[in-house]
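Commentary on secondary and tertiary structure
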Amino acid sequence: MTNNIQLPWQQETVICHSLRLLRSFEYWTGRSLLDVNGSAQEIAQALFAAPFVLVSHGTEPDPIFNYGNRKALELWELSWHDFTRMPSRKTTEEVVQEERSRLLAETTSKGFSNYSGVRISSTGKRFYIKDGILWNLLDENDRYCGQAAVFSNYEFML
């Protein structure tokens with residue numbers, strides 16, 4: 001019996017979104033998020049397997065995650081299916097919502113921001129992110145289509 005379930009980075013929409021993540025990061029920061037070459041699918045696979053945490057959400061009134069690479073899924077202790085159905089606000093404590101809203105608004109107006117802050121996994125583990133970057137996502141016509149965040153420096157809290 002053959003298993004026809006595709007891994008996230010094998011899905012056409014995720015491949016396109018992966019390229020959008022890379023292009024938007026470089027547009028706003030002038031830097032490359034990941035030094036990778038190859039086919040679009042190979043690039044999507046490399047981004048999914050990257051050694052940093054990468055997430056993004058869409059433009060819904062209560063934005064829903066639409067991407068999380070392997071490190072993100074491990075950190076938040078969720079499957080791709082569950083992660084990409086969760087509002088991004090669910091990763092912060094209620095008391096941090098105001099700061100998170102301020103950061104998202106600042107990023108919307110400036111294009112990208114640096115950030116640090118506490119986030120929570122699906123099982124309640126708290127961790128502190130240091131030196132994160134949040135940036136606006138642009139579609140193929142340079143229209144705003146969400147935001148993404150990347151970080152590799154974090155510590156679990158007691």
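- An unreviewed UniProt entry lists the protein chain under the name MEKHLA domain-containing protein, with Fischerella muscicola CCMEE 5323 given as the organism.

**Side note on the overall build of the protein chain**
- What the protein chain contains, in helices and strands, is five helices and six strands.
- Relative to the 2.2 N^0.38 estimate, which gives 15 Å for 158 residues, the radius of gyration of the protein chain is 15 Å and therefore close to what a compact globule would have.
- With respect to the principal axes defined by its C-alpha atoms, the protein chain has extents near 45 × 40 × 30 Å.
- Taking all 158 residues of the protein chain together, 47% fall into the buried category.
- If you take every contact in the protein chain between residues at least 6 apart in sequence, the share linking residues at least 24 apart comes to 50%.
- The protein chain carries 16 positive and 19 negative side-chain charges, and their two centres are separated by 3 Å.

**Re empty space enclosed by the protein**
- Applying the stated criterion across every chain yields a total of one cavity of 30 Å³ or more.
- Here the largest cavity is characterised by a volume of approximately 210 Å³.
- What lines the largest cavity is a set of 18 residues, and nearest its centre among them are Val 55, Arg 100, Arg 119, Leu 134 and Ala 149.
- Sorting the residues of the lining of the largest cavity by element identifies β1 (53–57), α5 (97–110), β3 (112–120), β4 (126–138) and β5 (144–151) as the ones contributing at least two each.
- Take the lining of the largest cavity: its biggest share by element is four residues, from β5.
- Its residues placed into classes, the lining of the largest cavity shows eleven nonpolar, five polar and two charged.

**So, α5**
- For α5, which comprises 14 residues, the first-to-last C-alpha distance of 20 Å matches the rise-based estimate of 20 Å (1.5 Å per residue) to within 8%.
- Restricting attention to buried positions, one finds in α5 the residues Gln 97, Arg 100, Leu 103, Leu 104 and Thr 107. Relative to the axis of α5, the buried residues are bounded by an arc of 120 degrees and lie together on one face. Across α5 from its buried face, at more than 90 degrees, point the exposed residues Glu 98, Ser 109 and Lys 110.
- Against β1, β3, β4 and β5 lie the buried residues of α5.
- Directly after α5, the chain includes Gly 111, whose backbone phi takes a positive value near 105 degrees.

**Details of helix α2 (residues 40–48)**
- All of the buried residues along α2 are Ile 43, Ala 44, Leu 47 and Phe 48. In a view along the axis of α2, the buried residues occupy a sector of 135 degrees, so they form one face of it.
- On its buried face, α2 sits against α1 (12–29), β1, β2 (65–68), α3 (70–76) and α4 (80–83).

What counts, and at which threshold
- Residues numbered from 1 in each chain as written.
- Predicted model: local features only at pLDDT ≥ 70, side-chain atom pairs only at ≥ 80, totals over all residues.
- Heavy atoms only, no water.
- Helix = DSSP H or I, 4+ residues; strand = E, 2+ residues; numbered from the N terminus.
- Rg over C-alpha atoms; globule rule 2.2 N^0.38 Å.
- Buried < 20%, exposed > 50% of the residue type's maximum accessible area, 1.4 Å probe, protein only.
- Contact = heavy atoms within 4.5 Å.
- Lys, Arg positive; Asp, Glu negative; His and termini not counted.
- Charge placed at Lys NZ, Arg CZ, Asp CG, Glu CD.
- 1 Å grid on protein atoms, 1.4 Å probe; cavity = no way out; pocket = protein on both sides within 12 Å on 5 of 7 lines; lining within 4 Å.
- Points joined across faces, edges and corners; volume = space filled by probe spheres on them.
- Nonpolar A, V, L, I, M, F, W, Y, C, P; charged D, E, K, R; others polar.
- Expected span 1.5 Å × (residues − 1).
- Arc of directions from axis to C-beta.

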